[in-house]
Amino acid sequence: MTNSPPHLYYACMSKYPFNTIEQKWQNFWEENKTFSVKEDPSIPENKRRYVLDMFPYPSGAGLHVGHPEGYTATDIYCRYLRMNGYNVLHPMGFDSFGLPAENYAIQTGTHPLVTTEKNIEHFRKQIKSLGFCYDWDREISTHTKEYYRWTQWIFLQLYKMGLAYESETPINWCPDCKTGLANEEVKDGSCDRCGTKVTRKSIRQWILGITKYADRLLEDLDTLDWTESIKAQQRNWIGRSEGADVIFQIENNKGEIPVYTTRPDTLFGATYMVLSPEHALVDTITTPEQRNTVAAYIESAAKKSDLERTDLAKEKTGVFSGSYAINPVNNSRIPIWIADYVLISYGSGAIMAVPAHDERDWEFAVTFQLPIIPVLEGGDITQEAYTGDGNHINSGFLNDLNKEDAISTMIDWLEKKKLGKKAVNYKLRDWIFSRQRYWGEPIPLVHCASCGTVPVPEEELPLELPDVASYTPSGTGESPLATIPEWVNTSCPVCGGKARRETNTMPQWAGSCWYFIRYLDPENTESFADPEKINYWMPVDLYVGGAEHAVLHLLYARFWHKVLFDLGFVNTKEPFQRLINQGMITSFAYQRKDKSLVSTDLVEETSPDVFIEKATGLQLERVIAKMSKSLKNVINPDDIIHSFGADSMRMYEMFMGPLQVSKPWSTSGLSGVHRFLDRVWRLASERTIEDKEAPEPLMKLLHKTIKKVSLDTEALEFNTAIAQMMIFINELYKADTLYSEVWEPFILLLAPYAPHLTEEIWENLGKKPSIADHAWPQWNEEMTKEDVVLVVFQVNGKVRAKVEIPAGLDLEALKEQAFANERIQEWTVGAGKTIVKVIAVPDKLVNIVVK
RNA sequence: GCCGGCGUGGUGAAAUUGGUAGACACGAUAGACUCAAAAUCUAUUGGGGGUAACUCUGUAUCGGUUCAAGUCCGAUCGCCGGUACCA
């Protein structure tokens, strides 16, 4: 029960020799290429499966217990599919470009290539020690030039389609990582990777036009078998809204201001306008009297971080520009204000303000005493903005219409008068793609004074990452590559004149946008993958990984895939048909009364479930927390494998609970699973195996077990499949004889779960390895049915008797049984009750309703 | 605030279409084996009452639908994840 510190595991020694067994079979699989897979055309399409794990970033910390969770789930599923005659593609690789290796290089002077390859070695060894059925011949790493050659090639396709463009507008900048970040990499105003507060910085950068695909990224979500939560996150992130662009004329012919609104029906209630401080027209509309005030406001707004301008801002601020605009529906003169609650990055950076029906405008209007005119009935606009539906008032031709009708009527009117038009907007921004760092794919472009930006010819790819003396980013917005003149200075591929290479690199997400395609054809030097192989395997049938990539990797990869689809290079609109997110493996932690947490090594369990802080003697509450070094509750997979074996580790992670939910690690729970495997081993080694017929009850249990394990494995419900196998073993334990006709099928059922142990037992039975190539056992439906069933008799819905009766008894006979039952009689006629109604469900129950 | 998910024993969790709540496992208690311990095996184990047969009660809270609700519907509370002046 206690979450013992790691050194205590070793005390729990097992009897079955998992260390030697596991090493032996891992060697066997490797030498025999048991899990190598080919595109066999004779296997029909419905018998091909592509099962993919999110590949890891090979960090210096090594494998975390969270990794094997998803990997074990797909491993069991793949082994199950193979045994059922499927041709299964199940590869593994490494997402090996990225900042940690580079930061380590800065600290130590070691080349990122050296540490990365060392980490990959370590990860590969750790992953192999769990006995997964990957086809290691297909392993890829995104940092190798053979791989990034094609990442660069895809970038050039994007460039040629006009989807990659250069820009110099303010972007998110992490002062610690010294690089620009995409919107998706900013969480709560901080860098997703290092937690440093993000600032704004204006630098030249490469941007990918993901917004051109916004509609398709949104629509095609409906075709995917993903969890609602991830789809919802992507929908929210794309943030599509429908409304209208409306043009407001500035008084005295100073120009016009287009605004975007989702509520064109409230146009009669627009009593002022607001421009974002960064809006291009601010200068034009500011009157001489207001110039100083406006300039001061813009300066103060510019100093604020995004976080201060949005999250932290409770009070609305702003200044009057001095100018007025004309409301196009009623020609009323409305003031134009400058306020930072309007963002330059959304819509046109300017709004019409309808304080009666918009919370933000209401707050602003109240603060600055601007008029609030209701145009919909309902609510109390003296207290708050009313955003609900209602009949329109004070709205000319919209009066008496509801919200929906008024919106369409107004849009028609605007379009007819050429004052505006229907419009769609997105929260999604284009993808800021360049990084001012070293350890990433060089962007294969050349800047020529006469030809402009020119792509590196495809046949010259890969454009190799050069060696640098110092990895430290300049911080000025240039990558360390800029410091190598012999690399930067080149000739223009078009005119042959002097030119400079692009010095930015790609973000870590680039490599993971298409790695699942490279697995199909990892050695190909002619193309990124052979179309025939793509046709054979794609799309990915099942993709398992963490939910933290909901709007990063999963959105970017979908975008690239759609581009490749449009170019005819891939055969599907979507890369990942089905997605499952494994839950996080958490750990227990101990909490004081004041909610502060105590490191696990400072806690003692004095009696069951009583936890005491050693230093103070105060009782602590056990809570669930993320594993963290500071709490000393991190579980290291290597320790677990060493003390309990990979099979125990695999099975425990599956037995903990449903794959999709997060659950706390418990080492005593692990030992329960280990005990089960040990019992299997002891049955195999201690009992005599008989070829004679097994008793019928055992055969029935076997068939029920085959059915349950098959259906649950298919549905990825591994915890209940394991429970059924435990029931089966508990039953086998009761007899001295082990019948081969029940034992052998059981070992096959267990094989995907505990592959090493079952290979060994299988071989000891005199069978030919590998058990992974053996056919999955089939159940006989007749044998899963019981002859006698337990039926309950209820009176008024309360169980009053339980009886065993022959299965399939007809309803009348069933009712008769109930009435004849002594206990039922006591509760019905015996108690002087009148029978009102009788409900009978075959093989289940009889419910007698009495008064 | 908004979106998504979840609330079941001491603990991790089970429970087809609504039909025996708590399978399986951990922990605990007792017993067997042992000089003893560990390991192993067996039994019991939601809570209350009763010598017992049995009985009352129980799936976050309150209410509803139903012969029957962990499951369906409504409201409330709590937890987790995401997101937030997006006009």
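Residues numbered from 1 in each chain as written. Chains lettered and ligands numbered in written order. Predicted model: local features only at pLDDT ≥ 70, side-chain atom pairs only at ≥ 80, totals over all residues. Heavy atoms only, no water.

**Quick word on the protein's contact with RNA strand B**
To be explicit about the condition: We call a residue near a given molecule or strand whenever any one of its heavy atoms falls within 4 Å of it. Helix numbers and strand numbers start at the N terminus; a helix is a DSSP run of H or I with at least 4 residues, a strand a run of E with at least 2. Only Asp, Glu, Lys and Arg are considered charged in this grouping, and only Ala, Val, Leu, Ile, Met, Phe, Trp, Tyr, Cys and Pro are considered nonpolar; every other residue, Gly among them, is considered polar.
Residues in contact with RNA strand B amount to 59 residues; listed here are only the nearest, Thr-262, Tyr-346, Arg-360, Arg-679 and Arg-823. Restricting attention to atoms of RNA strand B within 4 Å of the protein, one finds that 69% of them are sugar or phosphate atoms. In terms of residue count, helix α22 (residues 718-732) provides more of the surface near RNA strand B than any other element does, six residues in total. In terms of residue class, the surface near RNA strand B is made up of 25 nonpolar, 15 polar and 19 charged.

**Comments concerning the packing of helix α19 (residues 646-655) against helix α24 (residues 755-764)**
Formally: Orientation is described by lines fitted to C-alpha atoms, with helices fitted over the stretch in contact, and by angles between N-to-C directions that extend from 0 to 180 degrees. For classification purposes, an angle smaller than 35 degrees is called roughly parallel, one larger than 145 roughly antiparallel, one from 65 to 115 roughly perpendicular, and anything else oblique. In this analysis, two residues are considered to be in contact whenever any of their non-hydrogen atoms come within 4.5 Å of each other.
Packing of α19 against α24 brings their axes to within 7 Å, and their N-to-C directions diverge by 125°. As summarised for this structure, α19 and α24 are arranged oblique, according to the angle between their axes. Contact residues: α19 offers Ala-646, Asp-647 and Arg-650, while α24 offers Pro-755, His-756 and Leu-757. Of the residues that constitute the contact of α19 with α24, the class distribution is three nonpolar, one polar and two charged.

**Topic: the pattern of salt bridges**
Rules: When a carboxyl oxygen of Asp or Glu lies within 4 Å of a side-chain nitrogen of Lys or Arg, that pair is called a salt bridge. Throughout this description, buried means an accessible area under 20% of the type-specific maximum (1.4 Å probe, protein chains only), exposed means over 50%, and partly exposed covers the range between.
Counted under the stated rule, the structure contains 46 salt bridges. Among the ionic pairs, Lys-562 bridges to Glu-574, the shortest N-O distance being 2.9 Å. Residue Lys-562 is located in helix α17 (residues 553-566), and its partner Glu-574 is located in the loop between α17 and β23 (579-581); the two are separated by 12 residues in the primary sequence. When its relative accessible area of 0% is taken as the criterion, Lys-562 is described as buried.

**A look at the sheet that holds strand β5 (residues 179-181)**
Where we set the bar: The pairing criterion is simple: DSSP has to find at least two bridges between the two strands.
A sheet is described by the order of its strands in space; here three strands give the open sequence β5-β4-β8, paired in antiparallel fashion. Edge strands, defined here as strands with exactly one partner in the open sheet, are β5 and β8 (199-202). Here the average twist between neighbouring strands, direction ignored, is 60°. In terms of strand pairing, strand β4 (residues 170-174) meets β5 through three bridges, oriented antiparallel. For Asn-172, the partnering residue across the bridge sits in β5 and is Leu-181.

**Points about the sheet that holds strand β2 (residues 87-89)**
Read across the sheet, four strands follow the order β2-β1-β22-β23 without closing on themselves; strand pairing throughout is parallel. Strand pairing shows two members of the sheet lacking a second neighbour, β2 and β23, which therefore form its edges. The sheet shows a mean angle of 20° between the axes of neighbouring strands, direction not considered. Where strand β22 (residues 542-545) meets β23, three bridges bridge the pair, whose relative direction is parallel. Looking at the pairing, Val-544 lines up with Ile-580 of β23.

**Considerations on unusual backbone geometry**
That bond from Leu-461 to Pro-462 is cis: its omega, 0°, falls within 30 degrees of zero. Note on placement: Pro-462 falls in the loop between β19 (452-455) and α13 (485-488). Ser-770 follows Pro-769 through a cis peptide bond whose omega is 5°. Positionally, Ser-770 belongs in the loop between α24 and β32 (788-795).

**A short note on the nonpolar core**
Our working definition: The nonpolar core is taken to be a set of buried Ala, Val, Leu, Ile, Met, Phe, Trp, Tyr and Cys residues, with the residues joined through side-chain atoms within 4.5 Å.
In terms of nonpolar packing, the biggest core is built from 178 residues, with Trp-431, Trp-560, Trp-665 and Leu-750 touching the most fellow members. The element best represented in this core is helix α5 (residues 145-160), accounting for nine residues. Setting aside its immediate chain neighbours within four residues, Trp-431 contacts Ala-182, Trp-206, Ile-207, Leu-208, Ile-210, Pro-507, Trp-509, Cys-513, Tyr-556, Phe-559 and Trp-560. By size, the runner-up hydrophobic cluster in this structure holds 44 residues, among which are Val-246, Ile-257, Ile-338 and Tyr-341.

**Some remarks on the side chain of Thr-74**
Structurally, Thr-74 is set in helix α2 (residues 66-83). For Thr-74, the contacting residues outside a window of four places in its chain are Val-51, Leu-52, Asp-53, His-90 and Val-544.

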